[in-house]
Amino acid sequence: MGCKMNAAVSFLRRLSLFVLVSSLCSCPCRAEDSAMENIVTEKKAEESHRQDSADLLVFILLLTLTILTIWLFKHRRFRFLHETGLAMIYGLLVGVVLRYAIHVPSDMNNVTLSCNVNASPATLLVNVSGKFYEYTLKGQISANDVDDIQDNEMLRKVTFDPEVFFNILLPPIIFHAGYSLKQRHFFRNLGSILAYAFVGTVVSCFIIGLFMYGCVMLMKQIGHLGGDFFFTDCLFFGAIVSATDPVTVLAIFNELQVDADLYALLFGESVLNDAVAVVLSSSIVAYQPEGDNTHTFEAMAMLKSFGIFLGVFSGSFALGVATGVVTALISFNFTKLRDFPLLETALFFLMSWSTFLLAEACGFTGVVAVLFCGMTQAHYTFNNLSPESQDRTKQLFELLNFLAENFIFSYMGLTLFTFHNHVFNPIFIVGAFLAVFLGRAANIYPLSFLLNLGRRNKISSNFQHMMMFAGLRGAMTFALSIRDTATYARQMMFSTTLLVVFFTVWICGGGTTQMLSCQKIRSIGPDGVERRSTKHESAWFFRIWYNFDHNYLKPILTHSGPPLNATLPACCGPLARCLTSPQAYENEEQLKDSDSDLILNDGDITLSYGDVTVSTDAAGAHTSGTPVGGVAVNSDEAPDWSFPWMIRSPRCLWTPTGTGTRTKP
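The name given to the protein chain in an unreviewed UniProt entry is Sodium/hydrogen exchanger, with Cyprinus carpio as the source organism. Under Sequence similarities (unreviewed entry), UniProt gives the following word-for-word description of the protein chain: "Belongs to the monovalent cation:proton antiporter 1 (CPA1) transporter (TC 2.A.36) family."

A.B. asks: Teacher, can you tell me more about the overall build of the protein chain here?
C.D. replies: Helix and strand counts for the protein chain stand at 22 helices and eight strands. Taken over 665 residues, the protein chain has a buried fraction of 46%. Across the protein chain, contacts joining residues at least 24 apart in sequence account for 77% of those joining residues at least 6 apart. Of the accessible surface of the protein chain, which amounts to about 33,900 Å², a share of 64% is contributed by carbon and sulfur atoms.

A.B. asks: What should I look at first to understand the state of the cysteines in this one?
C.D. replies: The final tally for this structure, using the stated rule, is zero disulfides. The cysteine Cys215 is free of any disulfide, with Cys234 supplying the nearest cysteine sulfur at 8.5 Å.

A.B. asks: Looking at this structure, I do not really get the pattern of salt bridges. What am I missing?
C.D. replies: Pairs may arise between side chains of opposite charge once their charged atoms sit close together. Under the criterion given, the structure shown has four salt bridges. Put simply, Glu46 and Arg50 hold a salt bridge, and the shortest N to O gap is 2.9 Å. Remark: Arg50 and Glu46 occur in helix α1 (residues 2–76); sequence separation between them is four residues, near one turn of the helix. With a relative accessible area of 42%, Glu46 lands in the partly exposed category.

A.B. asks: Where do I start with the side chain of Thr477 in this structure?
C.D. replies: Of note, Thr477 is situated in helix α17 (residues 475–482). From its side chain, Thr477 meets the backbone oxygen of Ile240 in a polar contact 3.0 Å long. Each residue touching Thr477, except ones within four places of it in the same chain, is listed here: Ile240, Val241, Ala243 and Thr497.

A.B. asks: Which parts of the structure should I look at to understand the packing of helix α8 (residues 231–240) against helix α18 (residues 488–510)?
C.D. replies: For any two helices packed against each other, the geometry comes down to the angle between their axes and how far apart the axes lie. One can describe the packing of α8 onto α18 by two numbers: an axis separation of 11 Å at closest approach and a directional angle of 30 degrees. Judged by the angle between their axes, α8 and α18 are roughly parallel. The crossing of α8 and α18 is right-handed. Where α8 abuts α18, its residues Asp233, Phe236, Phe237 and Ile240 lie against Ala489, Arg490, Met493, Thr496 and Thr497. Here the residues of the contact of α8 with α18 sort into five nonpolar, two polar and two charged.

A.B. asks: It is not clear to me how unusual backbone geometry should be interpreted in this structure. Could you clarify?
C.D. replies: Outside of glycine, negative phi angles account for most residues, and trans bonds account for most peptide bonds. Phi angles above zero are rare outside glycine, and Lys520 is one such case at about 55 degrees. Structurally, Lys520 can be placed in the loop between α19 (512–518) and α20 (540–557). Its relative accessible area of 70% is what places Lys520 among the exposed residues.

A.B. asks: Is there a simple way to explain helix α10 (residues 260–285) in this structure?
C.D. replies: With 26 residues, α10 ought to run about 38 Å at 1.5 Å a step, and its terminal C-alpha atoms sit 37 Å apart, in line with that. Counting buried positions along α10 yields 23 of 26 residues, so the element is predominantly enclosed. At the N-terminal boundary of α10, the capping side chain belongs to Asp259, with an oxygen 2.9 Å from the backbone nitrogen of Asp261.

A.B. asks: Would you mind showing me how to read α18 here?
C.D. replies: One turn of an α-helix holds 3.6 residues; hence residues three or four places apart share an orientation. Compared with the 33 Å implied by 1.5 Å per residue over 23 residues, the 33 Å span of α18 between its first and last C-alpha is a close match. Along α18, 18 of the 23 residues are buried, which leaves the element largely enclosed by surrounding structure.

A.B. asks: I would appreciate a short explanation of the environment of Gly509 in the present structure.
C.D. replies: Relative to the helices and strands, Gly509 is located in helix α18. With a relative accessible area of 0%, Gly509 lands in the buried category. Between the alpha carbons of Gly509 and Ala470 there is a distance of 7.2 Å; along the sequence they are 39 residues apart.

A.B. asks: Before we go on, may I ask you to explain the pairing of strand β1 (residues 123–128) in this structure?
C.D. replies: Moving residue by residue along a regular strand, the side chains alternate between the two faces of the sheet. Sheet topology note: the β1/strand β2 (residues 131–136) ladder contains six bridges and is antiparallel. When the bridges of β2 are listed, Leu124 appears paired with Tyr135. Two successive antiparallel strands, β1 and β2, enclose a turn made up of two residues, where Ser129 displays a positive phi of approximately 55 degrees.

A.B. asks: When you look at the packing of aromatic side chains in this model, what are you seeing that I'm missing?
C.D. replies: To describe a pair of aromatic rings, one takes the distance between the centres and the angle between the planes. Counted under the stated rule, the structure contains 24 aromatic pairs. Measuring from centroid to centroid gives 5.0 Å for Phe59 and Phe407, while their planes differ by 40 degrees, and the two rings are tilted. Here Phe407 lies in helix α14 (residues 387–418) and Phe59 lies in helix α1, a separation of 348 residues in the sequence. For the pair formed by Phe59 and Phe407, the shared burial category is buried. Pairing Phe309 with Phe313 gives two aromatic rings, centres 6.3 Å apart and planes at 25 degrees, and the pair type is stacked.

A.B. asks: Could you clarify how one ought to interpret the nonpolar core in this entry?
C.D. replies: Generally speaking, a soluble globular protein has its nonpolar side chains buried in company with each other. Ranked by internal contacts, the top residues of the largest apolar core, which has 117 residues, are Met212, Phe237, Phe253 and Phe478. Filtering out sequence-adjacent residues up to four positions away, Met212 remains in contact with Cys234, Phe237, Phe428, Gly431, Ala432 and Ala435.

A.B. asks: Looking at this structure, I do not really get the side chain of Ser305. What am I missing?
C.D. replies: Here Ser305 shows up in helix α11 (residues 299–333). In this structure Ser305 touches Ser283, Ala286 and Tyr287, once residues within four positions along its chain are discounted.

A.B. asks: I'm lost on the environment of Val164 in this one. Help?
C.D. replies: Position of Val164 among the secondary structure elements: in helix α5 (residues 162–179). Residue Val164 is classed as partly exposed on the basis of its relative accessible area, which comes to 24%. Placed 319 residues apart in sequence, Val164 and Arg483 show a C-alpha to C-alpha distance of 9.7 Å.

A.B. asks: What should I look at first to understand a nonpolar patch on the surface in this one?
C.D. replies: Together, Val199, Val203, Ile207, Phe211, Val430, Leu434, Phe437 and Leu438 make up a nonpolar patch on the protein surface, roughly 650 Å² of accessible area in all. Looking at the nonpolar patch, the elements that each hand over two or more residues are α7 (190–221) and α15 (426–452). The topology assignment puts Val430 in helix α15.

A.B. asks: Would you mind going over the packing of α5 against helix α13 (residues 366–384) with me for this structure?
C.D. replies: Relative to each other, α5 and α13 sit at 40 degrees, their axes nearing to 7 Å. When the axis of α5 is compared with that of α13, the two are oblique. As for the relative orientation of α5 and α13, their crossing is right-handed in sense. Contacts between α5 and α13 involve Pro171, Ile174, Phe175, Gly178 and Tyr179 from the former and Val367, Val370, Leu371, Cys373, Gly374, Met375, Gln377, Ala378 and Phe382 from the latter. Its residues assigned to classes, the contact of α5 with α13 shows 11 nonpolar, three polar and no charged.

A.B. asks: I'm lost on the environment of Val241 in this one. Help?
C.D. replies: As for its placement among the helices and strands, Val241 is situated in the loop between α8 and α9 (247–256). Linking Val241 and Asp274, residues 33 residues apart in sequence, is a C-alpha distance of 9.9 Å. Aside from chain neighbours lying at most four places away, what touches Val241 is Ile208, Val436, Arg473, Thr477 and Thr497.

A.B. asks: Is there a simple way to explain the confidence of the model for the protein chain in this structure?
C.D. replies: Low pLDDT marks regions whose predicted coordinates should not be analysed in detail. A residue-level look at the protein chain finds 69% of positions with pLDDT of 70 or above and a mean pLDDT of 75. Considering each helix and strand of the protein chain separately, the mean pLDDT is smallest for strand β3 (residues 605–609), with a value of 34, and largest for α15, with 94. Low pLDDT (under 50) marks residues 15–27, which in the prediction has zero contacts with non-local residues, meaning those over four places away or in another chain. Within the model, the stretch residues 588–665 combines pLDDT values under 50 with 154 contacts to residues more than four positions away or in other chains.

Rules and cut-offs
Residues numbered from 1 in each chain as written. Predicted model: local features only at pLDDT ≥ 70, side-chain atom pairs only at ≥ 80, totals over all residues. Heavy atoms only, no water. UniProt positions renumbered as here; feature names shortened; annotations may be inferred. Helix = DSSP H or I, 4+ residues; strand = E, 2+ residues; numbered from the N terminus. Buried < 20%, exposed > 50% of the residue type's maximum accessible area, 1.4 Å probe, protein only. Contact = heavy atoms within 4.5 Å. Areas by Shrake-Rupley, 256 points an atom, 1.4 Å probe, with all protein chains shown as cover. Disulfide = S-S within 2.5 Å. Salt bridge = Lys/Arg side-chain N within 4 Å of Asp/Glu carboxyl O. Polar contact = N/O pair within 3.5 Å; in protein donor to acceptor, adjacent residues only side chain to side chain. Axes fitted to C-alpha atoms, helices over the stretch in contact; angles between N-to-C directions. Parallel < 35°, antiparallel > 145°, perpendicular 65-115°, else oblique. Left-handed = near helix turned anticlockwise from the far one by under 90°. Nonpolar A, V, L, I, M, F, W, Y, C, P; charged D, E, K, R; others polar. Expected span 1.5 Å × (residues − 1). Pairing = 2+ DSSP bridges. Phe/Tyr/Trp six-rings, centres within 6.5 Å; stacked < 30°, edge-to-face > 60°. Core = buried A, V, L, I, M, F, W, Y, C linked by side-chain atoms within 4.5 Å. Patch = residues over 30% accessible without salt bridge, like charges linked within 9 Å, V, L, I, M, F, W, Y side chains within 5 Å. pLDDT = per-residue confidence, 0-100.

Okay, here's the thing in structure tokens:
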């Protein structure tokens, strides 16, 4: 028994020694394999980094070339092609080169494996020789494009995630639209702008949707429909192509100094109807009838979608305004941050951008929120900024808007050749152009007729024709269409949307100057006298709002007067002193309200400013500018003190029907 035990122990010792020797012999081999694998991984990462840098360099060169060509066009006063159309052309040329001229093969180690799953997972873990690798879902591709994707790596690299457009490129564009809004002209035509933006966009959406549904039924009958295409898809297409972006037309209007009311109508409509189109499209997607067929008509489901539309829009509006008010009240008004312009500008920028992300995170629409945040900050926060920050914020958002907009239009041209799931159907394309024309006509002409019934300053027929012609589609339409291209219907919409944007930007935008000449719309010129609104031409609601804003909100949220102790009852004196900014008492020169000259009473106004007497008639035009000393003065040099109510300040007292005297310091 002892011999057997000794033999067993001896055997175990020999076995352990063998395993130990084997392990020692195999460790160097495994270590070498691991080291080689790390070297290969680092090499791949470096190559990927270089490829990404080359892809971004392509877009930087595109923007650089666009800017240089824009300078040449401005130098030669060439107005037929706007910078956005030029960016699209360069994007098309680069797309052709990337598609057919440059060949960057993919890694030859790429392997295509097939497995049957019920859904496409967002994240995939792959076990390779005991090591797990994580792969992220890029998107769906057709079976015919598998070889093409493996054959050219650069085409895959230049395709951006659609969320990049929504979270990075769209916010500065939308914010700049609200921040640079000329409030005086906007509020003068507020009723008409709201009618075009809300009622007109909804009408256009349903007109386009119904017309396109007829085209889809025709395609189905003749066998040209390769997948499912429901009525809700047609309405969604109507919503996204109802978003107008007349950036080309407005740039020419601004350069030629075209009538301010026409500019305000077009700009105000495009700003608001982008927001309406975003909320409307999300409401259509949320339409879910009960039962197995989710595409049938159901009254309750439609009412629910309508409620979602109102809830999302009002919630986004409230969030944007609240963020702008908080920015004005807490961040700037009662702090000394204005003593540090760099920090002030940085905080202003971050809080403005965070409005978009906060709205999206809360389930609202960031486009609506950041738009009204920009309008609120332009009205209140801008007055609290230091002069350096005022200049910096205006220039910063103008620069970001320019770069983001041109980048999007360049990418539009690029995607015509780099997007792998295009579905071009001639019947659908022709129908889309006709539907867009009919939808725009149904928006402009009937609403203009109804609005003219209550407007003293009528929207003339040539203005209506110009608004009809200027209904361009642009960045918002593209961003909404590229956000979801998973189904056959969405792929066809995206391909058709690209063609609609190309046509409207090149043809309609390029023909703006000729259309202005054809409609005999003259420019007022830089020295032209601008028409002023009278009391009866301004909406009664806005007159009430302006009185409340000027007497109460402006003193609380800005350094602008009059102080609250001059407008609140005497019993509220302590509260007024607590809420009024100290600068409101210290400022010798009261800030001029950007919308203070919106309303004039019917009586003439005579204002004495130092040695200069300025009179205005009922229409608001300066009728005289005669100094006491007899030297003529241009009325534009005199300050604008056209307030509709008596305003008291330490240095000025006047009433609309009397005479006010302003003394020099």
